[in-house]
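# Coordinate analysis (summary)
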Amino acid sequence: MLFNSLTFVVFFAVVVSVYWSMRSWNARKYFLVVASYVFYGAWNPPFAALLFSTTAMDFWLGRRIATAKGRRSRRVWLVGSVCMNLSMLGFFKYGNFLLQNFQWLLSRIGIIYQPPHLDILLPVGISFYTFHSLSYTLDIYRGVLQPTKSLRDFVLAVSFFPQLVAGPIVRAGDFLPQLVTPPGLRAGQFLWGLLLMTLGLFEKIVLADTMLSGSADRIFGYAGPLVALDSWLGVMAFAGQIFFDFAGYSTCAIGAALCLGFHLKDNFRFPYAAIGFSDFWRRWHISLSTFLRDYLYIPLGGNQVRPVRAGTNLVIVMFLGGLWHGAAWTFVVWGLLHGSYLVIERVIRGLFENKEWANNLATRLLGGFATYIAVCVAWVFFRASDFTIAARMLDGMFGGHAHGDAILTTREMLQIALVTAGMILVHWSLRDSNIETAVTRLPRWVVTAAWALMACAIILTQGNSNAFIYFQF
Amino acid sequence: MPSSTSNFKRKLRLPRLFFAKPSEIIPRDYERPIPPLPWRGLTVVVALIVIAAASAWEFYCRSIGYRPTLNDNEDLWTMTRRSVKPESIVIIGDSRAWFDLDLDELQKGLGKRPVQLAMGGSCAYPVLADLANDESFHGTIICSVVPRMFVAPPGTPPMERGEKAVRRSHTQTLAQRASQYLAMPLEEHVAFLKQEDLTLDDLLKRLPISNRPYAQVSPRLPPYFGTLDRERRARMIEECAWPGSELQKRIQQIWLPLFTPPPPPTYIPKEEFGKKIGAAIEARFHDVATAVEKLRARGGKIVFVRFPESGELKKLEDRETPRAGIWDQVIKKTGAPGIYYEDYPELSGFNCPEWSHLSAGDSVEFSKRLIPHLRKALQL
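Residues numbered from 1 in each chain as written. Chains lettered and ligands numbered in written order. Predicted model: local features only at pLDDT ≥ 70, side-chain atom pairs only at ≥ 80, totals over all residues. Heavy atoms only, no water.

### Concerning the overall build of chain B
From N to C terminus, chain B includes 17 helices and seven strands. Its C-alpha atoms give chain B a radius of gyration of 27 Å, clearly above 21 Å, the size a compact globule of 380 residues would have. The C-alpha extent of chain B, read off along each of the three principal axes, is 85 × 60 × 50 Å. Split into buried and exposed, the 380 residues of chain B put 47% on the buried side. In chain B, once contacts between residues fewer than 6 apart in sequence are set aside, the share between residues at least 24 apart is 80%. (Helix = DSSP H or I, 4+ residues; strand = E, 2+ residues; numbered from the N terminus. Rg over C-alpha atoms; globule rule 2.2 N^0.38 Å. Buried < 20%, exposed > 50% of the residue type's maximum accessible area, 1.4 Å probe, protein only. Contact = heavy atoms within 4.5 Å.)

### Focus: empty space enclosed by the protein
All names here are of chain A. This model, assessed by the stated rule, comprises one cavity of 30 Å³ or more. Lining the largest cavity, in full, are Ile219, Tyr222, Gly224, Leu226, Ser231, Ile389, Arg392, Met393 and His401. It is helix 16 (residues 387-397) that provides the largest number of residues to the lining of the largest cavity, a total of three residues. Residue composition of the lining of the largest cavity, grouped by class: five nonpolar, three polar and one charged. (1 Å grid on protein atoms, 1.4 Å probe; cavity = no way out; pocket = protein on both sides within 12 Å on 5 of 7 lines; lining within 4 Å. Points joined across faces, edges and corners; volume = space filled by probe spheres on them. Nonpolar A, V, L, I, M, F, W, Y, C, P; charged D, E, K, R; others polar.)

### What about the interface of chain A and chain B?
Listed per partner, the contact involves 77 residues of chain A and 60 residues of chain B. Overall, the association of chain A and chain B removes approximately 6000 Å² of surface from exposure, summing both partners, and the carbon and sulfur fraction of that is 66%. The three residues of chain A that bury the most area against chain B are Arg411, Leu460 and Gln462 of chain A, which together make up 11% of that side's buried surface. Inspection of the region where chain A meets chain B yields four salt bridges. Here Arg32 of chain B ties to Glu436 of chain A by a salt bridge, and the two come within 2.9 Å at their closest N and O atoms. At the surface where chain A touches chain B, the tally comes to 22 residue pairs in polar contact (both at pLDDT 80 or more). When its residues are assigned to classes, the side of chain A that touches chain B shows 40 nonpolar, 22 polar and 15 charged. (Buried area = accessible area lost by both parts, 1.4 Å probe. Salt bridge = Lys/Arg side-chain N within 4 Å of Asp/Glu carboxyl O. Polar contact = N/O pair within 3.5 Å; in protein donor to acceptor, adjacent residues only side chain to side chain.)

### Quick notes on the sheet that holds strand 3 (residues 140-144) of chain B
Residues and elements named next belong to chain B. Reading across from one edge, 2-1-3-6-7 is the order of the five strands in this open sheet, with parallel pairing throughout. On the outer flanks of this sheet lie strand 2 (115-116) and strand 7 (338-340), each paired with one strand and no other. Pairing geometry for strand 6 (residues 301-306) and strand 7, over three bridges, is parallel. Looking at the pairing, Val305 lines up with Ile339 of strand 7. Against the sheet, helix 15 (residues 327-334) touches strand 6 and strand 7, its axis set at about 170° to strand 6. (Pairing = 2+ DSSP bridges. Axes fitted to C-alpha atoms, helices over the stretch in contact; angles between N-to-C directions.)

### A closer look at helix 15 (residues 361-383) of chain A
Owing to its 3.6 residues per turn, the α-helix aligns residues three or four sequence positions apart on the same side. A rise of 1.5 Å per residue sets the reference length of helix 15 of chain A, with its 23 residues, at 33 Å; its end C-alpha atoms lie 32 Å apart and thus fit the reference within 8%. The set of residues buried in helix 15 of chain A consists of Gly368, Thr371, Tyr372, Ala374, Val375, Cys376, Val377, Ala378, Trp379, Val380, Phe381 and Phe382 of chain A. (Expected span 1.5 Å × (residues − 1).)

### So, the nonpolar core
Counting 165 residues, the largest nonpolar core has Phe39, Phe262, Tyr272 and Trp379 of chain A as the members making the most contacts within it. Sorting elements by how many residues they give to this core places helix 10 (residues 228-259) of chain A first, with 19 residues. Leu110, Phe304, Ile326 and Val330 of chain B belong to the second-largest nonpolar core, a separate cluster that totals 89 residues. (Core = buried A, V, L, I, M, F, W, Y, C linked by side-chain atoms within 4.5 Å.)

### Examining the packing of helix 13 (residues 307-325) of chain A against helix 14 (residues 329-352) of chain A
Residues and elements named next belong to chain A. Interaxial distance between helix 13 and helix 14 falls to 7 Å at its minimum, and their mutual angle equals 155°. Between helix 13 and helix 14, the interaxial angle falls into the category roughly antiparallel. In this structure, the crossing between helix 13 and helix 14 has a hand that is right-handed. Residues Ala310, Gly311, Leu314, Val315, Met318, Phe319, Gly321, Gly322, Leu323 and His325 of helix 13 pack against Phe331, Val332, Trp334, Gly335, Leu336, His338, Gly339, Leu342, Val343 and Arg346 of helix 14. (Parallel < 35°, antiparallel > 145°, perpendicular 65-115°, else oblique. Left-handed = near helix turned anticlockwise from the far one by under 90°.)

### Comments concerning helix 10 of chain A
Residue and element names in this part refer to chain A. Its 32 residues give helix 10 an end-to-end C-alpha distance of 46 Å, which sits within 8% of 46 Å, the value for a rise of 1.5 Å per residue. For helix 10, a buried count of 29 out of 32 residues is recorded, marking the element as mostly surrounded by other parts of the structure. Backbone geometry just downstream of helix 10 places Gly261 in the positive-phi region, at approximately 90°.

### A closer look at the packing of aromatic side chains
A complete count under the given rule lists 68 aromatic pairs over all chains for this structure. Each ring, one from Phe238 of chain A and one from Trp379 of chain A, has its centre 6.0 Å from the other, and the planes form 85°; the classification is edge-to-face. Linking Phe238 of chain A in helix 10 with Trp379 of chain A in helix 15, this pair joins segments that are 141 residues apart in sequence. Its relative accessible area of 3% is what places Phe238 of chain A among the buried residues. When the ring of Trp327 of chain B is compared with that of Tyr340 of chain B, the centres are 5.2 Å apart and the planes differ by 75°; the resulting orientation is edge-to-face. One end of the pair, Trp327 of chain B, is in helix 15; the other, Tyr340 of chain B, is in strand 7, and 13 residues separate them in sequence. (Phe/Tyr/Trp six-rings, centres within 6.5 Å; stacked < 30°, edge-to-face > 60°.)

### Things to note about unusual backbone geometry
Residue and element names in this part refer to chain B. In the Ramachandran plot, Arg232 falls in the positive-phi region, its phi being about 65° despite a non-glycine side chain. Structurally, Arg232 can be placed in the loop between strand 4 (226-228) and strand 5 (234-236). Residue Trp355 is not a glycine yet carries a positive backbone phi of 80°. Take Trp355: it is sitting in the loop between helix 16 (345-348) and helix 17 (360-377). For Trp355, a relative accessible area of 13% corresponds to the buried category.

### Focus: the confidence of the model for chain A
In regions of low pLDDT, the predicted coordinates are not meant to be interpreted in detail. The predicted model of chain A averages 90 in pLDDT, with 97% of residues at 70 or higher. Within chain A, helix 4 (residues 71-108) of chain A has the poorest average pLDDT of any element, 86, and helix 17 (residues 410-429) of chain A the best, 96. (pLDDT = per-residue confidence, 0-100.)

### Structural notes on the pairing of strand 1 (residues 89-92) of chain B
Residue and element names in this part refer to chain B. Here strand 1 shows no split at all, with Ile89 and Ile91 on one side and Val90 and Ile92 on the other all buried. One ladder, built from four bridges, connects strand 1 with strand 3; its direction is parallel. Considered in strand 3, the bridge of Ile89 is made with Thr140. The sheet contact formed by strand 1 and strand 2 spans two bridges and is parallel. When the bridges of strand 2 are listed, Val90 appears paired with Val115.

Below you can see the structure in the form of structure tokens.
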């Protein structure tokens, strides 16, 4: 069920009404479990069984880890949980990719092998819920979380519908405590949740789908050479589209959770105002970057090891982060590029961090600009479906097609320019703040007008129920 | 060693886990801040503004001629596709089959109510292939041929439209199905819900902004000029059928660029492009013939129909896609019967008000006159 669909509007209205009219907290939680499975099952009912079995296994393994006597047996149970989750992910998401690469490797040594194409349907949101579930056993192993006694609570923590299919990746440790005491219905919280849902839908339907996606699709789908201006505009359109698409989903999820009395953490914090790549990853898909930091980067040694090893760790983490996004080498290159950016940044910081000029306004602005440009270059690999397209795009961006085609219309160019400029302006003006503070500071009539305008624009776009980009991951 | 009784107890405990008391986890104090605003009053004002703005927009749209009608999308198409029975009569192809055929008349004349699967601006092939691959289907297909649409190569909008609909019919989720059922009553009562005419995107496209010389501007699609019911029967609105109406003239001028072949892309030599297009057309003939063969092998039937057209559009189509070029080839290579409206005086006397489709009234008469030809071609 998509947030931007009529079915969800009706579903959410029914869920909210029934949920708040129930007196028993236990009954409410059961109801949310059922609602979440209906939400998920509306895509493909059999996959709800897969979701439940993964969850139940992790629940059981979590208890095993907690009650195991020695460190070794704790580790064995943890490895069981990691293997179970990753093999599930591997089979559904990377099955064909692995087979194709295996075939290619064999062909390099002269062995002709034609693997059967596995007709695997990717369960929607598997990358997200696998991580939701995995965080539970990992946190129990790390000793930062006690296992819950209630399977129902854990099932709800993993399947809670606002964050189930496209994040944020809510850790069980952040969600389970909220299931202890029932939240009260507070008008301010509920209505703020509705405003956030409106903002999220506005970002997705109006800004991502209407203003930017058409131009990005046209540029990346064009088979000929493009001039630099069109190439850059196409990439900037995608940079904006993916932000509004994904941040829009996260904002909707946060808003929907608030309407039900739950608090999810921010997943984005004005990322296009980042100065440097470590700053970017503290602002972009925060729930994934912190997941990778806590469960992968730090166990690998983090930055408490020699610089070369720390740099290698960064590249490994970003390589896996890239692969998490999709079973294609283009995603791997995207991840590796970000890994390299982080390593280069670390070297530059080491050399110049203490210089006085390194922290003045001009340097910061230049750093922000350079970060945005480098992030855009990396997006080429994220968006392009193969390396031929990526190479053509990069060639165009860096002046390789001086006599290429200029295909964008003036309207499209204006849309990209205006939305991108507006987005960057908002990100820079709020980079050290948050949306709640900004809304508190705004005059009430501005909040009212903005909310009404966003709602009207959503109605005017009539929503074609385009899927969110991150659903495919 | 645990006894069988303790094992049994452990098994019994499993379902109870689901109903256990709340865990002993200490509540965390993480709470999102809520901006301290007078939320109730603010929400009421927002709701009033949105209702007022939507009502004003609805009133304005009605005042300029829009009326509530269903949007044709993949979900509505899928809904109709689902109603195809093994022996159904199915109409496929482009908007001419959509506007020009009256289901009531066809039901009277052919003995069965046809299922309308034609789509505006689409190529018939994806739907033909889907029906040919549907092992349970051995009914009858009435296929409209507008040459440019019929041979549209893969990756072009007419092909994508058909492919998208077919794909949706195979992958539609319960949620998408429910959304369509919820959308229909809304679309039947709200005039501004026009997904191909009155969306924000369409309104932005209408802004009078001049372009760079080589910018690729996609040709405009015609505005609202027909209604659609739940059976996907399209009818031209009266305003479009009025002789010399403003809407009619606007649409006529939209068809011409839409039916004019676009210039070849700059990055492929002209000759090479011509060869590619030629090969794509040949491939389409082959694919269509294969699909027809498959259908016939199961006892199915197909008839190709060329529907009326008028004015400058007819001249343009006759010039760019002459009968001998595509129509004759389709009939020859498939060996299927064809009905070309110009071959029969009773079918050729119709005037298409906006040059491409018949008015709602004429579509009824045309369908009546077409029935004997269909019966003969299909040996009914």
